[in-house]
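# Architecture at a glance
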Amino acid sequence: MGDSSPQLDKLHSTTNSTNSWTDSKTSPLQTHTQAKLNKIKRPPSFSPQSAYVVGPGTAVLDRHLYNLQRTYDPATTAQRVQTHHGRAQSLSSTSLTNSSTNTPSLLGSAPAKDDYVRRPFTMRNSRRYLADPTLRYPLPVDLPEMHRQVLRTMLLVNVFGGPICSPNFRNTPPKKVLEVGCGNGYWSALCHKHFSRQGHSVSFTGIDIAPLSADNSTNGMKWRFVQHDLRNLPTPFQDEEFDLVMVKDLSMISSQLSMTANLMDEYLRILRPGGAIEVWDGDHTIRMVLSHNPTQATQDSDSEDEDTAQAEGTGTYILTAQTPFTEAQNPYLTEYNTWLTKAFDARGLSAIPCTIMASLLLQEPDLADIESRRLAIPLGEVRWERAGTDGSSKGKEADSGKKVLTTGQTALRHTALLTLVQYMESLEPFLREASGKSQDEWDRWYGDMMNDLLVQNGTSWGECLEVGAWWATKRDTAKTKPKPSEEKPEKPMPYPPDPHPGNEWKIPHMELL
């Protein structure tokens, strides 16, 4: 958002009325980032405030973060009561493979399942986590992590050209939308603003295991939140209730083999015929994209012009089977990849979920018009971009191939890098244990990594985030499936055993969100 305080809603806002809060106060995210920098000394040239994107979503961001700040800080009496289970126990005192079975309570015995509904949170390592020890989800659920997820949502909406990739709703908007694993609910807030600008009224529902979102209804949005554990099916929704089911960044809730098939069946049950399911996610490890001609790589695509223009405008690269990749060259990212893979394997999670998303949709006979868009977001200015696509820095031909980033493209890449660094911070207990480092050793490594990536342009070889969107339409078949019994089961239906133990929106040349 520039080198100074954010100027909100740069692309669409006609007044400055929405800027009063951020103009008068430091952004909570900036405050948290600066606190981390104060903890670990940084070179004086480091300026995290410059690594933000600005545009049509940021007025929503301003209000959303304000509501989240009121929700999370200061803690209410009820919230303080909800933290008693963990009593700030250090995660590093338990094994990665056994971390899901060691959560002490105030009374010395594991709380009943219902207690995790009433008191879903616990404190560990001075951060708030979900209290249920059977969950595989490794990230905290506190305000700094919610800020990171908000920035990531803004980033994805920018690179995909809007909050929805499916073409089903370009002319006719959905009436009812479900956001699965809604977290802070920011995607729904952005989507509401997108359709309300067009004069449409859309109803949004968010479902998650714990109440993490701000009250979006205070902004004139039709919003309801349903607290439900996705491991317990069916969900409390009617058959064919929704026009759009959005599943975003849900690859860390469990292993892909156990839950996905059951969840996909549930999504199809609650999705009306002709409705769309859309999945946004990204790989958690980092690879390096090599020098190539992106125009040639996408010349066989049916949506070549539109996708290519969007990628060129955002400074990203469309991923195809011909896109050349290799392992990350940055030594800190190489170590991060190793530790993250080890930590995720121990929890039965996939570090590269993008590799199987398309096949999960293709195997469903009730889905049609299956499409996808995968992108690589470089984490900074890349050397072969400066030298020319062919890697040569000599001659007129090379000069014509040089890529000069716009201010918006630079900001987007800085935002991608910032979210990665914040992601490492959120995963610190797990990465530190996988690395075998002590706290002092980890702090030194983390400080050196921050300096290398954020100050010394350590990602100039081409390291990038890999993200993707996949969407499909539910077939409108003549067959009607038999309705389930009206009687509700006494207990939620369990999952099978887990095999692992334990164009309106188009943003011209990055006048970004």
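Residues numbered from 1 in each chain as written. Predicted model: local features only at pLDDT ≥ 70, side-chain atom pairs only at ≥ 80, totals over all residues. Heavy atoms only, no water.

### Considerations on the overall build of the chain
Filter applied, for reference: Strands are runs of DSSP state E lasting at least 2 residues, helices are runs of H or I lasting at least 4, and numbering of each runs from the N terminus. Areas reported as accessible are Shrake-Rupley estimates using a 1.4 Å probe. Residue values count occlusion only from the protein chains shown.
Within the chain one finds 17 helices and 12 strands. Surface accessibility of the chain: about 23,000 Å² in total, with carbon and sulfur atoms responsible for 50%.

### With respect to the pattern of salt bridges
Where we set the bar: By definition, a salt bridge exists where a carboxyl oxygen of Asp or Glu is found within 4 Å of a side-chain nitrogen of Lys or Arg. Residue exposure (1.4 Å probe, protein chains only): buried if accessible area is under 20% of the type maximum, exposed if over 50%, otherwise partly exposed.
One pass over the full model with this rule turns up 18 salt bridges. Note that arginine 127 and aspartate 142 form a salt bridge whose closest N and O atoms lie 2.8 Å from each other. Note that arginine 127 is positioned in strand 2 (residues 127–130) and aspartate 142 in the loop between strand 2 and helix 6 (143–160), a separation of 15 residues in sequence. Residue classification places arginine 127 among the buried positions, given a relative accessible area of 12%. Notably, a salt bridge pairs arginine 170 with glutamate 306, separated by 3.1 Å at the nearest N-O pair. Remark: glutamate 306 occurs in helix 10 (residues 304–314) and arginine 170 occurs in the loop between helix 6 and strand 3 (176–180); sequence separation between them is 136 residues.

### Some details on the confidence of the model for the chain
Note the following rule: pLDDT measures how confident the predictor is about each residue, on a scale from 0 to 100. The contact criterion used throughout is that any non-hydrogen atoms of two residues lie within 4.5 Å.
Of all residues in the chain, 65% have pLDDT values of 70 or greater, and the mean over the chain is 76. Predicted confidence for residues 1–37 stays below pLDDT 50, and this span has 71 contacts to residues more than four positions away or in other chains. For residues 74–111, every residue scores under 50 in pLDDT, and the model assigns this stretch 69 contacts once sequence neighbours within four places are set aside.

### Some words on empty space enclosed by the protein
For clarity, the cut-off: Grid spacing is 1 Å over the protein atoms alone, the probe is 1.4 Å, and a cavity is where that probe fits but cannot get out, while a pocket is an open set with protein on both sides within 12 Å along at least five of seven lines and lining residues have an atom within 4 Å of a point. Grid points are joined across faces, edges and corners, and a volume is the space filled by probe spheres set on the points. Basically, the charged four are Asp, Glu, Lys and Arg, the nonpolar ten are Ala, Val, Leu, Ile, Met, Phe, Trp, Tyr, Cys and Pro, and anything else, Gly included, counts as polar.
Counted as a void, the largest cavity has a volume near 690 Å³. Contributing to the lining of the largest cavity are 42 residues, with Tyr137, Gln149, Asp249, Leu250 and Met252 lying nearest its centre. Counting residues per element, the ones that place at least two in the lining of the largest cavity are helix 6, helix 7 (186–196), strand 7 (271–282) and helix 15 (407–426). Element by element, the count of residues in the lining of the largest cavity is highest for helix 6, at five residues. Broken down by class, the residue content of the lining of the largest cavity amounts to 22 nonpolar, 10 polar and 10 charged.

### Focus: the pairing of strand 11 (residues 367–378)
Note the cut-off: When DSSP finds at least two bridges between two strands, those strands are taken to pair.
Judged from the two bridges that link them, strand 9 (residues 317–318) and strand 11 form a sheet pairing that is antiparallel. Across the sheet, tyrosine 317 pairs through a bridge with alanine 376, a residue of strand 11. Sheet topology note: the strand 11/strand 12 (residues 463–474) ladder contains 10 bridges and is antiparallel. Each bridged residue has a counterpart across the sheet, and for serine 372 the counterpart in strand 12 is tryptophan 470.

### Describing the side chain of lysine 248
Stated formally: Think of a polar contact as two N or O atoms within 3.5 Å of one another; within protein, one of them needs to be a possible hydrogen donor and the other a possible acceptor, and neighboring residues in sequence only count if both atoms come from side chains.
Inspection of the secondary structure assignment puts lysine 248 in strand 6 (residues 242–248). Here the side chain of lysine 248 touches threonine 153 through a polar contact of 3.0 Å, side chain to side chain. The residues touching lysine 248, leaving out its near neighbours within four places in the chain, are Thr153, Glu179, Val180, Trp187 and Trp280.

### Considering the packing of helix 6 against helix 7
Put simply, the rule reads: Orientation is described by axes fitted as lines to C-alpha atoms, over the contacting stretch for helices, and by angles from 0 to 180 degrees between their N-to-C directions. Angles are sorted into four bins: roughly parallel if under 35 degrees, roughly antiparallel if over 145, roughly perpendicular if 65 to 115, and oblique for all others. The sense of a crossing depends on the near helix, which, turned anticlockwise from the far helix by less than a right angle, makes the crossing left-handed and, turned clockwise, makes it right-handed.
Their axes nearest at 9 Å, the elements helix 6 and helix 7 cross at an angle of 40°. As far as their axial angle goes, helix 7 and helix 6 are oblique. The chirality of how helix 6 crosses helix 7 is right-handed. Here helix 6 contributes Val150, Thr153, Met154 and Val157 to the contact with helix 7, which in turn contributes Tyr186, Trp187 and Leu190.

### What to know about the packing of aromatic side chains
Put simply, the rule is: Between rings of Phe, Tyr and Trp, where Trp is taken as its six-membered ring, a pair exists when centres lie within 6.5 Å; planes separated by under 30 degrees are stacked, by over 60 edge-to-face, and by other angles tilted. Either the NZ atom of lysine or the CZ atom of arginine qualifies as a charge over a ring when it sits within 6 Å of the ring centre and within 35 degrees of the ring normal.
According to the stated counting rule, one finds eight aromatic pairs in the structure shown. Relative to tryptophan 442, the ring of tryptophan 339 lies with its centre 6.0 Å away and its plane at 50°, an arrangement referred to as tilted. Residue tryptophan 339 is located in helix 11 (residues 331–346), and its partner tryptophan 442 is located in helix 17 (residues 439–455); the two are separated by 103 residues in the primary sequence. Given a relative accessible area of 9%, tryptophan 339 falls into the buried group. Here a set of aromatic residues connected by ring pairs shows up, and it is made of Tyr332, Trp339, Trp442, Trp445 and Tyr446. In this arrangement the basic side chain of arginine 124 is found over the ring face of tyrosine 129, its NZ or CZ atom lying 4.5 Å from the centre.

### Description of the pairing of strand 3
What counts here: The handedness rule is simple: strands pointing away from the viewer, and a clockwise path from the first strand over the helix to the second, make the crossover right-handed.
Of all five residues in strand 3, four are buried; the element is thus mostly enclosed. Bridge count between strand 3 and strand 4 (residues 203–208): five bridges; the pairing is parallel. In the strand pairing of strand 4, glutamate 179 is matched with glycine 206. Read from strand 3 through helix 7 to strand 4, the crossover connection turns out right-handed.

### With respect to the environment of lysine 403
Note that lysine 403 resides in the loop between helix 14 (395–400) and helix 15. With near-sequence residues (within four places) excluded, lysine 403 lies in contact with Glu312, Gly315, Tyr317, Glu385 and Arg413.

### Quick notes on unusual backbone geometry
A cis amide bond links leucine 233 to the next residue, proline 234, at an omega of 5°. Within the element layout of this structure, proline 234 appears in the loop between strand 5 (222–227) and strand 6. Of note in this structure, glutamate 240 is not a glycine but carries a positive phi near 55°. The residue asparagine 457 is not glycine, and still its phi comes out positive at about 55°.

### Overview of helix 15
So the rule is basically this: Working rule for helices: expected span equals 1.5 Å times residues minus one.
The end-to-end C-alpha separation of helix 15 is 28 Å, in line with the 28 Å expected for 20 residues at 1.5 Å each. Taken across its 20 residues, helix 15 has 17 buried, putting it largely inside the fold.

### Structural notes on helix 16 (residues 428–435)
Helix 16 sits mainly inside the fold: six of its eight residues count as buried. Just beyond helix 16, the residue with positive phi is glycine 436, at close to 75°.

### Some thoughts on the nonpolar core
Cut-off, in case you're wondering: The term nonpolar core refers to a set of buried residues drawn from Ala, Val, Leu, Ile, Met, Phe, Trp, Tyr and Cys, joined through side-chain atoms within 4.5 Å.
With 66 residues, the main nonpolar core has Phe160, Trp280, Met424 and Met449 as its most contacted residues. Apart from the residues within four sequence positions on either side, phenylalanine 160 is in contact with Cys165, Trp280, Gln310, Arg373, Leu375, Val467, Gly468 and Ala469. Within the second largest apolar cluster, 26 residues are counted, among which are Val226, Leu250, Leu271 and Leu367.

### A short note on the side chain of serine 166
Mapped onto the fold, serine 166 is located in the loop between helix 6 and strand 3. A distance of 3.2 Å separates polar atoms of two side chains, one belonging to serine 166 and the other to asparagine 168. Among all residues touching serine 166, those that are not within four sequence positions of it are Ala276, Glu278 and Trp471.

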